[in-house]
Every structure is written in structure tokens, then in C-alpha cells.
2 protein chains.
Amino acid sequence: MNHFMDIAVKEALKGVKLKHGGPFGAVIVKNNKIISSSHNLVIKNNDPTAHAEINAIRKACKVLNSYHLTDCMLFTTCEPCPMCFSAILWAHIKHIYYGCTRFDAELIGFDDKFIYDIIKEENKSKKILLEQLNRNECFEVFKKWKENNNLIY
Amino acid sequence: MNHFMDIAVKEALKGVKLKHGGPFGAVIVKNNKIISSSHNLVIKNNDPTAHAEINAIRKACKVLNSYHLTDCMLFTTCEPCPMCFSAILWAHIKHIYYGCTRFDAELIGFDDKFIYDIIKEENKSKKILLEQLNRNECFEVFKKWKENNNLIY
């Protein structure tokens, strides 16, 4: 078994035993060295964003003192949900190794595939309603930012 | 202008002035009362996940002592990126009001649309590589969780 995935599995098991949240673990690696690891902490922290990958990204950013994790790899026991997948892209991580899939997660009751399908517009769920409001006033802030900054994400 | 969107715009402006991150603000409302508000804190916190919506969700969950924000509405100055949109679904928020769009965000240099397109498989980006590893060992943890818990997300 891959060494880093083994650590991710051990993280996931720890989370299950401690009832911290869902059965997911993640590890971030740079130059063959572990920078951070975490498991799902949704229940423990009362935080729906506290997925293993998000926690590991936040920890790694603290360690490396950067909001970009360029040249890092992520090992996760399950295909990242769209929240985590997007966080991985925002963090500039370019290589993901995953164990289970969104279909496996669905088998044990998780919404990963459901959310992917809504984003891919394969599921026109009535569960969520989006309405546009005050676009002009909001766009004024974009203009102000553009005038004053040259930050790149 | 909508009162809650006005607060979200003021949050976004505050973030721009303080150089905390991108020009985005968000407000969470329950029963016509503001539960939390935030702006983008990516730069200030060195945290690529610290988008306005994610911060507002995490704060509201602390206030309400729950990882579900059922019956809350979210006002955000820009259409949530896929990370935030998924976080909103994980949090069980059912109603989103947004100002600008992913296309507006692209105009000022943000990757929201790019990430949507990758998830929707409309962009086969070489920027990110996904590889499956050790699915069986990872699935063992899913089975253990399923045997021991009845948690619902």
C-alpha cells in the first residue's frame, strides 16, 4: 500500500473511532515529506466545511505560510467533493491521489455525487434557490478592487 | 437596495480597503436577522478557503451551535464559487441571493468560472491530475463507519 495513503487511511480511522465526523482522511506532501494531515471534523467542530482535505489545506498553508500550495500533492481516502476539489484548485495543488469515489461515498449516504450533479446541471434540484440582486452595486466593489490591486489568485 | 445585500457590499468594501483578500462579502440571515457576516480573508489569513461565504458559514455555525444552517439565507456579492456553493449545500442553506456572476469575477481575474468549467468537464485542464490508489483499503473505513454510525449529512 502507498505509504501516504496508508497515513490518510489511519487518519480516517481515527476520525471514525473518535466520532469526529465522516470516514475521510487526507495528507498533504511536498518533496516526499508530509506537511499536514487531517480527518473529517464536521461533527467535532460543528463546521460543515471541516472536511479532511479542507483541514489539511488550512494546516499546510499555516506550516508553509502561504495561501498557495504549489508543488504539494494531496492524498485523500475519497475523491474530493466539489467543495474540496475547488479548494485544491484555489490552493494550486496540481496532483491528487484518491481512494474511494463519489459513488462509493453515495453508498454510505454522503451527498458528494448529488452536489457534483447539481453543479454539472445533471440534477435540477429544487433543494436550492439562486436569485440575482443588486449586481451593479456589487460590481462597483469589483471595480474598486481592480483599480487598487494587482493580486493574482 | 436590499438591506442585507447592502451589508454584504459594505463587508466586501471593508475587505478591499484592509487588503484582506478579494472583493467579496457575504451575510447569513435567519428569520430576518443577521446571524453572521464576513469578507474574503484569503490574504490576511493565508488561507485559500477563507472566502466570504465559507467564513460566514463557519461563524454562523458557531453562533447557532450546529453544522446545519437550515432556514438560513445567504446574501453574497458574487455568485458563490463551486467551493462555496458546495459548502452552502453541505450546510443545508436553501436560498442564495447573489450580486455579480462568475463571468464578472473572471473579468477581474478570478478563477470561479474556470473551476466551474473543470467540474462541468467543459474544460479538460492539464492543470490538475487525479489518480486512484488503494480503493479497497479506503473502502474498509467506509464499511467501519457504516457499521457503527447512523449519522446523516
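Here the structure is a predicted model, which means the values were calculated and not measured.

Reading the values: the criteria
Residues numbered from 1 in each chain as written. Chains lettered and ligands numbered in written order. Predicted model: local features only at pLDDT ≥ 70, side-chain atom pairs only at ≥ 80, totals over all residues. Least-squares fit on C-alpha atoms with pLDDT ≥ 70 in both. Contact = placed C-beta atoms within 7 Å. Pairing = 2+ DSSP bridges. Helix = DSSP H or I, 4+ residues; strand = E, 2+ residues; numbered from the N terminus. Expected span 1.5 Å × (residues − 1). Buried ≥ 20, exposed ≤ 12 C-beta atoms within 10 Å, placed from the backbone. Arc of directions from axis to C-beta. Axes fitted to C-alpha atoms, helices over the stretch in contact; angles between N-to-C directions. Parallel < 35°, antiparallel > 145°, perpendicular 65-115°, else oblique. Nonpolar A, V, L, I, M, F, W, Y, C, P; charged D, E, K, R; others polar. Core = buried A, V, L, I, M, F, W, Y, C linked by C-beta atoms within 7 Å.

## Remarks on the relation of the copies chain A and chain B
Once turned by 180° and shifted 0.0 Å along the axis, chain A lies on chain B with an RMSD of 0.0 Å. The symmetry that links the two subunits is that of a two-fold axis. Taking C-alpha positions as the reference, the residue of chain A nearest the rotation axis is methionine 83 of chain A, at 1.9 Å. A share of 100% of interface residues in chain A that are also interface residues in chain B marks the association as one of identical surfaces.

## Observations concerning the interface of chain A and chain B
Taken together, the contact between chain A and chain B spans 69 residues of the former and 69 residues of the latter. Taken together, the 4 bridges between strand E4 (residues 95–100) of chain A and strand E5 (residues 129–132) of chain B define a ladder with parallel strand orientation. Residue tyrosine 97 of chain A lies in a different strand from E5 of chain B, and its bridge partner there is glutamate 131 of chain B.

## Considering helix H7 (residues 135–148) of chain A
Taking 1.5 Å per residue as the helical rise, H7 of chain A with its 14 residues ought to reach 20 Å, and the 20 Å between its terminal C-alpha atoms agrees with that figure. Restricting attention to buried positions, one finds in H7 of chain A the residues Cys138, Val141, Phe142 and Trp145 of chain A. With its buried residues spanning 100° around the axis, H7 of chain A presents them on a single face. Structural note: H7 of chain A exposes Asn136, Lys143 and Glu147 of chain A on the side pointing more than 90 degrees away from its buried face. Buried positions along H7 of chain A lie against helix H1 (3–18), strand E3 (72–78), strand E4 (95–100) and helix H5 (102–107) of chain B.

## Details of the packing of H7 of chain A against H1 of chain B
Two numbers describe how H7 of chain A lies on H1 of chain B: the axes approach to 10 Å, and their chain directions differ by 5°. In terms of their interaxial angle, H7 of chain A and H1 of chain B are classed as roughly parallel. Mapping the contact onto sequence places Glu137, Cys138, Val141, Lys144, Trp145 and Asn148 of chain A in H7 of chain A and Val9, Ala12, Leu13 and Val16 of chain B in H1 of chain B. Across the contact of H7 of chain A with H1 of chain B, the residue classes break down as 7 nonpolar, 1 polar and 2 charged.

## Overview of unusual backbone geometry
With phi around 55°, lysine 19 of chain A is a residue other than glycine that occupies positive phi space. Notably, asparagine 65 of chain B is not glycine yet its phi reads approximately 55°, a positive angle. Along the polypeptide, asparagine 65 of chain B turns up in the loop between helix H3 (52–64) and E3.

## A few points about the environment of aspartate 117 of chain A
Residues and elements named next belong to chain A. Position of aspartate 117 relative to the elements: it lies in helix H6 (residues 112–119). In sequence terms aspartate 117 and proline 82 are 35 residues apart; their C-alpha atoms lie 10.0 Å from each other. Beyond its immediate chain neighbours, meaning those up to four positions away, aspartate 117 contacts Glu122 and Asn123.

## Structural notes on the sheet that holds strand E5 (residues 129–132) of chain A
In space, the 5 strands of this open sheet follow the order E5(A)-E4(B)-E3(B)-E1(B)-E2(B), with mixed pairing throughout. Edge positions in the open sheet fall to E5 of chain A together with strand E2 (33–39) of chain B, since each of these has one partner strand only. Taking each pair of neighbouring strands and ignoring which way they run, the sheet shows an average axis angle of 20°. Contacts from H1 of chain B reach strand E1 (25–30), E2, E3 and E4 of chain B, with the element oriented near 145° to E1 of chain B.

## Quick look at the nonpolar core
Within the largest apolar cluster, 100 residues are counted, with the highest numbers of intra-cluster contacts made by Ile28 and Phe75 of chain A together with Ile28 and Phe75 of chain B. Those residues in contact with isoleucine 28 of chain B that lie beyond four places of it in its chain are Ile35, Ser36, Ala56, Ile57, Ala60, Leu69, Cys72 and Leu74 of chain B.

## Let's talk about the sheet that holds strand E3 (residues 72–78) of chain A
The strands that make up a sheet are held in pairs by hydrogen bonds between backbone atoms, and each pair lies either parallel or antiparallel. The sheet built from 5 strands is open, its strands ordered E2(A)-E1(A)-E3(A)-E4(A)-E5(B) with mixed pairing. At either margin of the open sheet sits one strand with a lone partner, and together these are strand E2 (33–39) of chain A together with E5 of chain B. Sheet twist, expressed as the average angle between the axes of neighbouring strands with direction ignored, equals 20°. Here strand E1 (residues 25–30) of chain A runs beside E2 of chain A; their pairing, made up of 6 bridges, is antiparallel. Counted as the bridge partner of valine 29 of chain A is isoleucine 34 of chain A from E2 of chain A.

## Brief notes about H1 of chain B
For H1 of chain B, spanning 16 residues, the distance from its first C-alpha to its last is 23 Å, which sits close to the expected 22 Å at 1.5 Å a residue. When we look at burial in H1 of chain B, the residues that qualify are Phe4, Met5, Ala8, Val9, Glu11, Ala12, Gly15 and Val16 of chain B. All buried residues of H1 of chain B project into a common sector of 155° when viewed along the axis, lining one side. Among the exposed residues of H1 of chain B, those pointing more than 90 degrees away from its buried face are His3, Lys17 and Leu18 of chain B. Packing partners of the buried residues in H1 of chain B comprise H7 of chain A together with E1, E2, H3, E3 and E4 of chain B. Looking one or two places after H1 of chain B, you find lysine 19 of chain B, whose phi comes out positive at around 55°.

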